[in-house]
Amino acid sequence: MHCSIGQSLERVGEWWTPLIVRDIHLGLHRFDDIAENLGISRNLLTRRLEALVADGIVARRAYQERPPRHEYHLTEAGRDLVPVLMALMAWGDKWMTPAGGPPVRLVHRDCGAEFTPQVCCSACGRPVSTANVRALPGPGAASGPGTRVLARRSGLAPEEP
């Protein structure tokens, strides 16, 4: 699919993957800790971690030779994914809050304030929403699955008969 969202979901859209990234971000670096925290089968966790390593989202580092043991750490790509997960968490806290309220509070280390993540314009710093954003074709715009109608509407693709 010729779409950044589609390409991203191909790598991190499986149900367990964001939870694994979250746990690594929260300091669970060892396989057994992640497996215990999530209640995920060892085989499934192994496959997900292998995919995250192959996609450059997680790095695997040896911490013991005999028997061989590894820790998992976020790469730059993985660290860049964390704010996306925070935004998803904010949506979940607003629309799908578990009984008793949000299970996690976020505190900004720089100022010490509790905060709710929001997406802001990188130019002016103001929050963005469906009401104040429009999408235009980018340099990689092309007509294909996931972008065909938008490409046609923008004039990048010929009208279909």
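Being a predicted model, the structure only gives us computed values, none of them experimental. (Residues numbered from 1 in each chain as written. Predicted model: local features only at pLDDT ≥ 70, side-chain atom pairs only at ≥ 80, totals over all residues. Heavy atoms only, no water.)

Asks: Quick question: what am I supposed to make of the UniProt feature "domain: HTH hxlR-type" (unreviewed entry) in the protein chain here?
Replies: Taking the numbering used here, the UniProt-annotated feature "domain: HTH hxlR-type" (unreviewed entry) corresponds to residues 3-100. Between the C-alpha atoms that bound residues 3-100 there is a distance of 38 Å. The span itself is 61% helix and 13% strand. (UniProt positions renumbered as here; feature names shortened; annotations may be inferred. Helix = DSSP H or I, 4+ residues; strand = E, 2+ residues; numbered from the N terminus.)

Asks: Can you help me understand the packing of helix α3 (residues 31-38) against helix α4 (residues 42-54) in this one?
Replies: To describe two helices that pack against each other, one gives the angle between their axes and the distance between the axes. Remark: α3 packs on α4, axes separated minimally by 10 Å, with the N-to-C direction vectors making an angle of 120 degrees. Relative to α4, the element α3 lies oblique. Between α3 and α4 the crossing geometry is right-handed. Listed contacts from α4 to Phe31, Asp32, Ile34 and Ala35 of α3 are Arg42, Leu45, Thr46 and Leu49. Classifying every residue of the contact of α3 with α4 by side-chain character gives five nonpolar, one polar and two charged. (Axes fitted to C-alpha atoms, helices over the stretch in contact; angles between N-to-C directions. Parallel < 35°, antiparallel > 145°, perpendicular 65-115°, else oblique. Left-handed = near helix turned anticlockwise from the far one by under 90°. Contact = heavy atoms within 4.5 Å. Nonpolar A, V, L, I, M, F, W, Y, C, P; charged D, E, K, R; others polar.)

Asks: Could you clarify how one ought to interpret the nonpolar core in this entry?
Replies: Residues Ile20, Ile24, Ile40 and Leu45 are the most contacted members of the largest nonpolar core, which totals 21 residues. For this core, the secondary-structure elements that each account for two or more residues are α2 (16-25), α3, α4, β2 (69-74) and α5 (76-95). For isoleucine 40, the residues in contact, after removing those within four places along its chain, are Trp16, Ile20, Ile34, Ala35 and Leu45. (Core = buried A, V, L, I, M, F, W, Y, C linked by side-chain atoms within 4.5 Å. Buried < 20%, exposed > 50% of the residue type's maximum accessible area, 1.4 Å probe, protein only.)

Asks: Help me understand the pattern of salt bridges in this model?
Replies: Opposite charge on two side chains permits pairing when their charged atoms draw close. Applying the stated criterion to the full structure yields five salt bridges. A salt bridge links aspartate 32 to arginine 42, with the shortest nitrogen-to-oxygen separation between them at 2.8 Å. Of this pair, aspartate 32 sits in helix α3 while arginine 42 sits in helix α4, placing them ten residues apart in sequence. The exposure class assigned to aspartate 32 is partly exposed, which follows from its relative accessible area of 43%. (Salt bridge = Lys/Arg side-chain N within 4 Å of Asp/Glu carboxyl O.)

Asks: In this structure, what is going on with the pairing of β2? I would like to understand it.
Replies: A regular strand places its side chains so that they alternate between the two faces of the sheet. Two strands pair when backbone bridges link them, and strand β1 (residues 58-64) and β2 are joined in this way by six bridges, in the antiparallel orientation. Within β2, the position partnered with alanine 59 by the bridge is histidine 73. Count of turn residues in the β1/β2 antiparallel hairpin: four residues. (Pairing = 2+ DSSP bridges.)

Asks: Looking at this structure, I do not really get the packing of aromatic side chains. What am I missing?
Replies: Centre distance and the angle of the planes are the two values used to describe a pair of aromatic rings. Scanning the model with the defined rule gives one aromatic pair in all. We note arginine 30 situated over the ring of tyrosine 63; from NZ or CZ to the ring centre the distance is 3.7 Å. (Phe/Tyr/Trp six-rings, centres within 6.5 Å; stacked < 30°, edge-to-face > 60°. Lys NZ or Arg CZ within 6 Å of the ring centre and 35° of its normal.)

Asks: Looking at this structure, how should I read the environment of glycine 6?
Replies: Along the polypeptide, glycine 6 turns up in helix α1 (residues 4-12). Residue classification places glycine 6 among the partly exposed positions, given a relative accessible area of 21%. In this structure the C-alpha to C-alpha distance between glycine 6 and glycine 146, which are 140 residues apart in sequence, comes to 7.8 Å.

Asks: I keep staring at a nonpolar patch on the surface and nothing clicks. Help me out?
Replies: On the surface, Leu88, Trp91, Trp95 and Met96 cluster together into a nonpolar patch covering about 510 Å² of accessible area. Position of tryptophan 91 relative to the elements: it lies in helix α5. A relative accessible area of 46% means that tryptophan 91 is categorised as partly exposed. (Patch = residues over 30% accessible without salt bridge, like charges linked within 9 Å, V, L, I, M, F, W, Y side chains within 5 Å. Areas by Shrake-Rupley, 256 points an atom, 1.4 Å probe, with all protein chains shown as cover.)

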